[in-house]
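Chain by chain, the residues run as shown.
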Amino acid sequence: MSAEPAAKHLERLDPLDPVPVLVGRPSDVELDRQLFGKVGQKPGKAWYGLMTVCLALAGVLFGCLGYTVVTGIGVWGNNIPVGWAFDIINFVWWIGIGHAGTLISAILLLFQQKWRTSINRFAEAMTLFAVMQALLFPALHTGRPWFDYWLFPYPSSLALWPNFKSPLLWDVFAVNTYFLVSLLFWYVGLLPDLAALRDSARSRAARMAYGVFALGWRGSARHWQHYRIAYLLLAGLATPLVLSVHTIVSFDFAVSVLPGWHTTIFPPYFVAGAIFSGFAMVLTLVIPARKVFGFENVITGRHLENMAKVMLATGMMVSYGYLMEHFHAWYGGNHYEFDTFFKTRMFGPYAPVYWLMIACNVITPHIFWWKRARQSLVVLWVASILVNVGMWTERFIIIVTSLHRDYLPSSWAMYYPTWVDWGIYVGTLGFFGTLFLLFLRFVPAVSASEVKELRRELDHEAHAQAPAAVPHLP
Amino acid sequence: MTTTSYVLGEFQEEAALLGAARRLRELGHARLDAHSPVPIHGAEEALGIKRSPVPLIALLGGVAGGAGGFAMQYWMNVVDYPINVAGRAMTSWPAWVPIAFETTVLLASVSIVFGLFGLAGFPRLHHPVFEVEAFRSASVAGLWISAEVEPARAEAVAEELRRLGASNVSRVDEEDR
């Protein structure tokens, strides 16, 4: 047996490395042709169909927003005692979804995980668009959104400053910083690809447009030197940032004294939940997109499987959070805490939502113990939807059940969302979809320059390992 | 009047490009650059590029953001418009940590990105090297070297590049503006 087939044979047998992160070894030109092939081109019928649906829903969003602004937030279902409801649920849900993008692009970069390369652009775009949806909710919840600039410390004629000891103001800084830093990180990462698009554009208009956004990138050794350090440092900053953002979001609750909110486990448990839901959303989006774009060779089964594993791990962290919350409610001996966890949530009027949350978040991820489930597109996609639903119900349970029955039974009341609440929520899904479809059409969804680098690294590794891979037979 | 000439050449292999860069430097041409779709290992050493100041810029931005964030909160909530929250100490600084952290990250990131833009000279939508049509491959797959030389020496450099194995050797003259 010659050395070549023996190496191939072994490669296939390696149980730890079943699917590569990059199928084949496409050349730079082939990669550009494939990854940029559909960028800026006339899209197919599916794109127009989806765009119509998303635009219609976005229309619902802006209609409902207009109605809310003109009439006042009394058109929403929240009222004392449930002063926070759909707006804050959706805010936390969208922010959480965004976190997976930063995790993939920054944290996995620092850990030198090769499988991040072909999904990071996609996930970062998801982050940006999700944070845009999230920002809408608190902005509107102020009641008079035209005064939202009061949230920022600026020298005003009112001669006063915001109260920096309020967690709600921490949120303003955290979420706005998160949005800006994510945008910068995403844009810096795009520069080499924008230059490649400029240089391979056929029409003058496209060359001008991509040229302006490429800022004059020439792939110079000096550019690359500053760029690589800048990118790495941005990743290093984005990593604690993403942890801080959901920590601060959880402080909105944890710093208050409401039963079910006042707990120290909130920051880590919120961060784990955010990553759990974010990975679910990446899967929801990437499974159809890679099919439509024919990106199966760069976003391989390995990527999907790894994402399933992350969901399994973070899902169990979330389950542990639930377990500890309940344990502390019992062990702490506080009647109000105990009643919130063991009576109101489990058997109260919102109990079906609670059990749906348990089913989606605690039980669903365990399907990923099975390799066949991690490799089945249908199972992955359905599970990702269930997790998205589950994480939304989790925020519903945290916010609504704690508020609707707190200390005094005389102040208990039920909360029901109105059609405006639903319209805004469903509308943000449409607005998110609209932005995402535009992204898929005009921006390369997979970073070509990073995949080119990945291919070189894989070549280098294969070169270094080739002699060792063939066993020395006597 | 022509003031500067750019001589460009394309290489097939990274090693050949790095060798050519070293050779041109030996001949006394210091203003060299390489252009490639992905970073070339060893390019900085071969071209004699100094360490990037980006980390220092990031540090300064971060320190300014952290100190500035803290100072802003102190001045606004204690000095200029004191806010008494349930009789607690005015300077209860732990409550300012989250915002000071966010301003640290924000200023450091903004400094990194604009520092990068400043160091790379962005935005600069036009550059003499773009005059060469074949140079469009530099962002896709091509490995290019560019030398910024006095017009009188341009032909000699072009000849040297050809001798070192470069293809598509071309010259762009920058007019005085």
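Computed from a predicted structure; not experimentally measured.

Novice: I'd like to hear about unusual backbone geometry, residue by residue, with values.
Specialist: In terms of backbone geometry, most residues other than glycine have negative phi values and most peptide bonds are trans. Residue Pro-81 of chain A follows Ile-80 of chain A across a cis peptide bond; omega there is 10°. Going from Phe-122 of chain B to Pro-123 of chain B, the amide bond is cis rather than trans, its omega being -10°. You can see Pro-123 of chain B is positioned in the loop between helix H4 (97–120) and strand S3 (143–149). With a phi close to 65°, Leu-215 of chain A is a non-glycine residue in the positive phi region. Of note, Leu-215 of chain A is situated in the loop between helix H7 (204–214) and helix H8 (221–254). A relative accessible area of 11% places Leu-215 of chain A in the buried class. One non-glycine residue, Asn-168 of chain B, lies in positive phi territory at about 55°.

Novice: Break down the pattern of salt bridges for me, with residues and values.
Specialist: Residues and elements named next belong to chain A. Per the stated rule, a full pass over the model turns up 26 salt bridges over all chains. Residue Arg-25 is joined to Asp-459 by a salt bridge in which the shortest nitrogen-to-oxygen separation is 3.2 Å. Residue Arg-25 is found in the loop between helix H1 (3–13) and helix H2 (28–35), and its partner Asp-459 is found in helix H16 (residues 448–469); the two are separated by 434 residues along the sequence. Residue Asp-459 is classed as partly exposed on the basis of its relative accessible area, which comes to 33%.

Novice: I'd love a proper account of the packing of helix H9 (residues 266–293) of chain A against helix H10 (residues 301–331) of chain A, names of residues and values included.
Specialist: Two quantities define a packed helix pair, namely the angle between the helix axes and the distance between the axes. All names here are of chain A. Where H9 contacts H10, the two axes come as close as 8 Å, and the packing angle between them is 150°. It follows from the interaxial angle that H9 and H10 lie roughly antiparallel. Crossing handedness for the pair H9 and H10: left-handed. For the contact of H9 with H10, the class distribution of residues is 18 nonpolar, five polar and two charged.

Novice: An account of the interface of chain A and chain B is needed here, citing residue identities and associated values.
Specialist: Each partner contributes to the interface: chain A provides 58 residues, whereas chain B provides 63 residues. Interface area for chain A against chain B, summed over the two sides, is near 5,300 Å², with a carbon-plus-sulfur share of 69%. When the buried surface of chain A facing chain B is broken down by residue, Trp-161, Lys-165 and Arg-218 of chain A rank first, second and third, together holding 16% of it. In this structure, Asp-33 of chain B and Arg-222 of chain A form a salt bridge, with 3.5 Å as the shortest nitrogen-oxygen distance.

Novice: For the packing of aromatic side chains, give the residues involved together with the corresponding values.
Specialist: Residue and element names in this part refer to chain A. Scanning the entire structure with this criterion turns up 56 aromatic pairs over all chains. When the ring of Trp-217 is compared with that of Tyr-227, the centres are 5.2 Å apart and the planes differ by 65°; the resulting orientation is edge-to-face. Of this pair, Trp-217 sits in the loop between H7 and H8 while Tyr-227 sits in helix H8, placing them 10 residues apart in sequence. As far as burial versus exposure is concerned, Trp-217 and Tyr-227 are alike and both buried. A centroid spacing of 5.5 Å and a plane angle of 35° characterise the contact between Phe-293 and Phe-295, whose relative ring orientation is tilted.

Novice: Help me get a handle on the side chain of Asp-171 of chain A, residues and values and all.
Specialist: Mapped onto the secondary structure, Asp-171 of chain A falls in helix H6 (residues 167–200). Here Asp-171 of chain A occupies a buried position and makes no salt bridge, while the nearest side chain of opposite charge, Arg-395 of chain A, is found at 12 Å.

Novice: I'd love a proper account of the nonpolar core, names of residues and values included.
Specialist: Core analysis: the biggest nonpolar cluster contains 167 residues, and Phe-436 and Phe-439 of chain A have the highest contact counts within it. Per-element tally for this core: the top contributor is H6 of chain A, with 20 residues. Ignoring sequence-local partners within four residues, the contact set of Phe-436 of chain A consists of Phe-122, Ala-125, Met-126, Phe-129 and Leu-285 of chain A. One finds Val-7, Ala-154, Leu-161 and Ala-166 of chain B within the second-largest nonpolar core, a separate group that totals 25 residues.

About the criteria used
- Residues numbered from 1 in each chain as written.
- Chains lettered and ligands numbered in written order.
- Predicted model: local features only at pLDDT ≥ 70, side-chain atom pairs only at ≥ 80, totals over all residues.
- Heavy atoms only, no water.
- Helix = DSSP H or I, 4+ residues; strand = E, 2+ residues; numbered from the N terminus.
- Buried < 20%, exposed > 50% of the residue type's maximum accessible area, 1.4 Å probe, protein only.
- Salt bridge = Lys/Arg side-chain N within 4 Å of Asp/Glu carboxyl O.
- Axes fitted to C-alpha atoms, helices over the stretch in contact; angles between N-to-C directions.
- Parallel < 35°, antiparallel > 145°, perpendicular 65-115°, else oblique.
- Left-handed = near helix turned anticlockwise from the far one by under 90°.
- Nonpolar A, V, L, I, M, F, W, Y, C, P; charged D, E, K, R; others polar.
- Contact = heavy atoms within 4.5 Å.
- Buried area = accessible area lost by both parts, 1.4 Å probe.
- Phe/Tyr/Trp six-rings, centres within 6.5 Å; stacked < 30°, edge-to-face > 60°.
- Lys, Arg positive; Asp, Glu negative; His and termini not counted.
- Core = buried A, V, L, I, M, F, W, Y, C linked by side-chain atoms within 4.5 Å.

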